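What follows is the residue order along each chain.
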Amino acid sequence: MLNLNLLNKEQLEAVQTTEGPLLVLAGAGSGKTRVLTYRIANLVENHGVPPWAILALTFTNKAAREMRERIESLLSEDSSDMWVTTFHSFCAKILRFDIDKLGYDNRFVIYDEQDQTSLITDLMKSCNIDEKKLPKGAIKAKISEAKNSSEAPETYILQSGDGSDKLIDLYRAYQKRLKECNALDFDDLLLKGLELLEKCPDVLQKYRRKFRYVLVDEYQDTNHPQYRIVQLICKEHQNICVVGDDDQSIYGWRGADIRNILEFEKDFKSAKVIRLEQNYRSTKTVLDAANALIANNDGRLGKNLWTSGSQGAKILVKELESEMDEAAWVVDSIRRAQRL
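What this report covers is the structure whose coordinates are included nearby. Not measured: the values here are computed from a predicted model.

Conventions adopted
Residues numbered from 1 in each chain as written. Predicted model: local features only at pLDDT ≥ 70, side-chain atom pairs only at ≥ 80, totals over all residues. Heavy atoms only, no water. Salt bridge = Lys/Arg side-chain N within 4 Å of Asp/Glu carboxyl O. Buried < 20%, exposed > 50% of the residue type's maximum accessible area, 1.4 Å probe, protein only. Helix = DSSP H or I, 4+ residues; strand = E, 2+ residues; numbered from the N terminus. Polar contact = N/O pair within 3.5 Å; in protein donor to acceptor, adjacent residues only side chain to side chain. Contact = heavy atoms within 4.5 Å. Pairing = 2+ DSSP bridges. Right-handed = clockwise from strand over helix to strand, strands pointing away.

1. Side note on the pattern of salt bridges
In total, this model carries 25 salt bridges according to the counting rule given. For Arg107, the salt bridge identified is with Asp105, shortest N-O distance 3.0 Å. Look at Arg107 and you get exposed, because its relative accessible area is 68%. Arg177 serves as the salt-bridge partner of Asp122, at 3.2 Å between the closest nitrogen and oxygen. One end of the pair, Asp122, is in helix H5 (residues 113–126); the other, Arg177, is in helix H8 (residues 164–180), with 55 residues separating them in the sequence. By relative accessible area, which is 37% here, Asp122 ends up partly exposed.

2. Focus on the side chain of Arg208
The topology assignment puts Arg208 in helix H10 (residues 201–210). The class for Arg208 is buried, based on a relative accessible area of 11%. For Arg208, the side chain forms a polar contact with the side chain of Gln205, separated by 3.2 Å. Those residues in contact with Arg208 that lie beyond four places of it in its chain are Leu232, Ile233, Lys235, Glu236 and His237.

3. Points about the environment of His47
Assignment of secondary structure puts His47 in helix H2 (residues 32–47). The exposure class assigned to His47 is partly exposed, which follows from its relative accessible area of 43%. Counting along the chain gives 29 residues from His47 to Thr18, while the straight-line C-alpha distance between them is 8.8 Å. Apart from residues lying up to four places away in sequence, His47 is in contact with Thr18 and Asn42.

4. Concerning the pairing of strand E2 (residues 54–58)
One face of the sheet, then the other: side chains in a regular strand alternate in exactly this way. With five of five residues buried, E2 is to be regarded as a mostly interior element. Both faces of E2 are covered, namely the face carrying Ile54, Ala56 and Thr58 and the face carrying Leu55 and Leu57. Pairing of E2 with strand E6 (residues 213–216) involves four bridges; the strand directions are parallel. Paired with Ala56 across the two strands is Leu215, which belongs to E6. Two strands pair when backbone bridges link them, and E2 and strand E3 (residues 83–86) are joined in this way by four bridges, in the parallel orientation. Residue Leu57 lies in a different strand from E3, and its bridge partner there is Thr85. Regarding the hand of the β-α-β motif, the stretch spanning E2, helix H3 (residues 61–74) and E3 is right-handed.

What follows is the structure, given as structure tokens:
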């Protein structure tokens, strides 16, 4: 059941700001998932928005499942036709309908990591690549980096330095083999999904008309293809709400670009910004230390986390020689605490 009285002042403001671009800067433990789910439920319950007109995007299947379950618990009507999904699943879905416009069969297969590794291993022989000099794991990582960058993949690879000549040959052979097998790898889902929206105006208009409200979780972790997909769908109606933390990003290895959240107000001139700064998870001591550290970050929009909770224990600082020593010390500390 939807009860807006459970929200604090800033959360309520974010939930009730239903029209136009909205950036919610959410610190750790500040209730960002609650804001997303309540905002969606508010659109449906109090503003008559049909569930099928809402698109909510996140990064993991677990996060998508949790979001959907929480939305369903708040709504009095069926929401099964609402798209609450990951970026990759969203692209896979739209490609199933229209990938034939890009020269593929709609029954395309999606290669997993084992399929990719097998294909790369096979192609390394034909491209005369010595695995001792260029391991297949490094090749797979470089291909993924290239596909998630803001440049054309081939351009990215050519500028990557040592081994780029052979690597570009392998990349071209890799893409050719995928096409021959009517297959996409995980990163191709984003690239081909973006290509479909960019090259097929009728497809783009279909989703612009369908999804009148778009919400994006963890916006600081979007890469260039994901950023472009959101921009294309929201360009006309601009009913976009993004939630994120400009002080943390975990998907740098997948091309995440922090500038996407830092420059949101440039992309959407009329954007409203709301900061969720009340923390419900940590003690005052932890938050004071975190704020002091975060204040040194370059390129941030700024927020100051606080809590009405307890002061908490003092922080213990422990210096160790390596990451493995650090991990072992943390595990030992947890085990000692469990025995108390």
